[in-house]
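Given next are the chains, with one letter for each unit.
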Amino acid sequence: MSEAIQAEEKEQAPVNWAVTAVLGLTFLTAITVVPWYGFVHGYSTWNWIFFGLFLAMNGIGIGSGYHRLWSHRTYDANSLLKVLLAIMGGMSLQNSIIVWSARHRIHHRDVDNNEKDPYSIGRGFWFAHIGWMLRDYKSGEVDYSVVRDLQRDPVAVWQDHWYWTLVWVTNGAVPLILGWLTGNIIAMFLLAGVARLVVNHHVTFFINSLAHMWGKQPYTDKNTARDQHFLALITYGEGYHNYHHLFQSDYRCGIRWWHLDINKWFISTCALLGLVRNRQRAPQFKVLRARLNMEFKAARKKLEQAGAGASWKEQLESEYAQFVEIIKQWQQLQMERVAQSRQKLADRIETERALLSTHYRELEFSLKMQRKRLALLTAQLM
Ligand SMILES: [Zn+2]
Ligand SMILES: [Zn+2]
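Predicted, not measured: the structure shown is a model, and the values here were computed from it.

Student: How should I be thinking about the overall build of the protein in this particular structure?
Tutor: Along the protein, the regular secondary structure elements total 16 helices and 2 strands. Principal axes of the C-alpha set define a box for the protein whose edges measure 70 × 55 × 45 Å. In the protein, which comprises 382 residues, the proportion classed as buried is 36%.

In structure tokens:
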């Protein structure tokens, strides 16, 4: 979208005063009244405990619930957990599950498309972060045709129906009652109510803005999404956004055990407790293939920059030829597996299945070895 068209659309898109007022007033209160009250009167331990607790509940409600459960269906949850996640996410005032997921699914489908992606980073940091909500842009219109499944999900439908009641009870009544119980209504409302809401908002908004600008692209450069450890820490794991955009049906965003993905740990803990089933993971081979593809690109660039000789290039290209060959073999295996699943002889299938999985593991191992060789090859160029 050219700048002229963007400016014209901005002219036409009416300001959404309700959203602007809520986001503006809560933000202004959080940076003025909240610290002032803290200096003058101070906040109690109870205020800080509920600030932290509600912040975590909102982060998990949005990350594990709105995002990984409803938008991407990366696992199945039992009804009790779903109701909890719907309340925890609804409390963060980011619209209902159905509306949020509809926009998010379009964001994945049309990522970086300035006309279709509701929060396309191509329209700048401000637009992707918050600007897209302040006006009723055409790209922000909710397309319910992409959430037909959620319109049949009883918990999502229930939450959509009672959304505003839920928002007022969790953001108004709950902090006020807790404040009354712990001896200071205003302090509890300011810290666990307003400040918590604003922190949750901007941390979530960073996924649409910063996570599409700042960080590495280890899996794909076909879109602007990035992986960034610090962002992952403050967003409960959502900051591994490059991986997520390529493997959106994976319940994990950070796939290594040490990756700071609190939502992944939350979902896994719920699985241990029997509240979660069918966690989806991307096949290890596909993950390795994506990584190697990017590493080959980087290696080629490095060779060129270093002005490396023909023998280096030959080595690299021979590695690449092997990579292509391994992928071909893997695709053949996939086809064999499909053909096999159509066969009816059960005992034959068992032995062949075992053979196939050995072959899969061998191919995965070949890719792992190749990554090591490639790393060695590029390290020698330093
Ligand atoms: Zn997503
Ligand atoms: Zn994104």
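Student: Any chance you could explain the domain arrangement of the protein here in plain terms?
Tutor: Segmentation of the protein into domains returns domain 1 (3-277) and domain 2 (284-379). If you average the C-alpha positions of domain 1 and of domain 2, the two centres end up 37 Å apart. If you look at the interface, domain 1 gives 8 residues, while domain 2 gives 4 residues. Looking at the side of domain 1 that touches domain 2 residue by residue, the class counts come to 5 nonpolar, 2 polar and 1 charged.

Student: Got a minute to help me understand the nonpolar core in this structure?
Tutor: One recurring pattern in soluble globular proteins: nonpolar side chains tend to sit buried together. Of all hydrophobic cores here, the largest spans 41 residues; its most connected members are Ile-97, Leu-191 and Ala-192. Breaking this core down by element, the ones donating at least two residues are helix 4 (45-71), helix 5 (79-90), helix 6 (97-109), helix 8 (154-161), helix 10 (185-208) and helix 13 (262-272). The leading source of residues in this core is helix 4, at 9 residues. The residues touching Leu-191, leaving out its near neighbours within four places in the chain, are Val-34, Tyr-43, Asn-47, Phe-51 and Arg-196. Counting 15 residues, the second-largest nonpolar core is a separate cluster that includes Phe-206, Leu-210, Tyr-240 and Val-287.

Student: Any chance you could explain the environment of Ile-87 here in plain terms?
Tutor: Inspection of the secondary structure puts Ile-87 in helix 5. Look at Ile-87 and you get partly exposed, because 18 C-beta atoms sit within 10 Å. Between the C-alpha atoms of Ile-87 and Gly-65, which are 22 residues apart in sequence, the distance is 9.7 Å.

Student: Would you mind showing me how to read the environment of Arg-371 here?
Tutor: Relative to the helices and strands, Arg-371 is located in helix 16 (residues 346-379). Judged by local crowding, Arg-371 falls into the partly exposed class, with 15 C-beta atoms found within 10 Å. Counting along the chain gives 282 residues from Arg-371 to Gly-89, while the straight-line C-alpha distance between them is 40 Å. The contact partners of Arg-371, leaving out residues within four places of it in the chain, are Arg-291, Leu-292 and Glu-295.

Student: What exactly am I supposed to notice about unusual backbone geometry here?
Tutor: What is expected of a backbone is that most residues other than glycine have negative phi and most peptide bonds are trans. The residue Arg-73 is not glycine, and still its phi comes out positive at about 50 degrees. In the Ramachandran plot, Asn-278 falls in the positive-phi region, its phi being about 55 degrees despite a non-glycine side chain. Within the secondary structure, Asn-278 sits in the loop between strand 2 (276-277) and helix 14 (284-306).

Student: Explanation requested: the packing of helix 2 (residues 17-31) against helix 7 (residues 125-134) in the structure shown.
Tutor: For any two helices packed against each other, the geometry comes down to the angle between their axes and how far apart the axes lie. As a packed pair, helix 2 and helix 7 sit with axes 8 Å apart at the nearest point and diverge in direction by 135 degrees. Between helix 2 and helix 7, the crossing angle belongs to the class labelled oblique. The residues of helix 7 that touch helix 2, namely those facing Val-19, Thr-20 and Leu-23, are Ile-130, Met-133 and Leu-134. When its residues are assigned to classes, the contact of helix 2 with helix 7 shows 5 nonpolar, 1 polar and no charged.

Student: Honestly, helix 3 (residues 33-40) in this entry has me stumped. Any pointers?
Tutor: Side chains that are three or four residues apart share a direction in an α-helix, a result of its 3.6 residues per turn. The buried fraction of helix 3 is low, at 0 of 8 residues. Gly-42 sits one or two positions beyond helix 3 and adopts a positive phi of about 80 degrees.

Student: Honestly, the environment of Val-142 in this entry has me stumped. Any pointers?
Tutor: Examined against the element boundaries, Val-142 turns out to sit in the loop between helix 7 and helix 8. The exposure class of Val-142 is partly exposed, given the 16 C-beta atoms found within 10 Å. Sequence separation between Val-142 and Pro-118 is 24 residues; the distance between their C-alpha atoms is 9.2 Å. In this structure, Val-142 is in contact with Val-99, Ala-102 and Arg-103, ignoring residues within four places of it in sequence.

Conventions and cut-offs
Within each chain, residue numbers correspond to sequence positions counted from 1 in written order. Whichever chain is written first becomes A and whichever ligand is written first becomes 1, with later ones labelled in order. Only residues with pLDDT of at least 70 get local features here, since the model is predicted, and only at 80 or more are side-chain atom pairs given and counted; chain-wide, interface and lining totals rely on the full set of residues. Helix and strand labels come from DSSP, where a helix needs a run of H or I of at least four residues and a strand needs a run of E of at least two; each type is numbered from the N terminus. For every residue, the other C-beta atoms within 10 Å of its own C-beta are counted; 20 or more classify it as buried, 12 or fewer as exposed, and values in between as partly exposed. C-beta atoms are placed from the backbone. Reported domain spans reflect what an automatic or database domain assignment gives. Here the contact rule is simple: place C-beta atoms from the backbone, and any two residues whose C-beta atoms are within 7 Å are in contact. In this classification, Asp, Glu, Lys and Arg are treated as charged, Ala, Val, Leu, Ile, Met, Phe, Trp, Tyr, Cys and Pro as nonpolar, and every other residue, Gly included, as polar. By definition, a nonpolar core groups buried Ala, Val, Leu, Ile, Met, Phe, Trp, Tyr and Cys residues that connect through C-beta atoms lying within 7 Å of each other. For helices, the fitted line uses only the C-alpha atoms of the stretch in contact; every axis is such a line through C-alpha atoms, and the angle between N-to-C directions lies from 0 to 180 degrees. Orientation is classified from the angle alone, with under 35 degrees giving roughly parallel, over 145 giving roughly antiparallel, 65 to 115 giving roughly perpendicular, and any other angle giving oblique.

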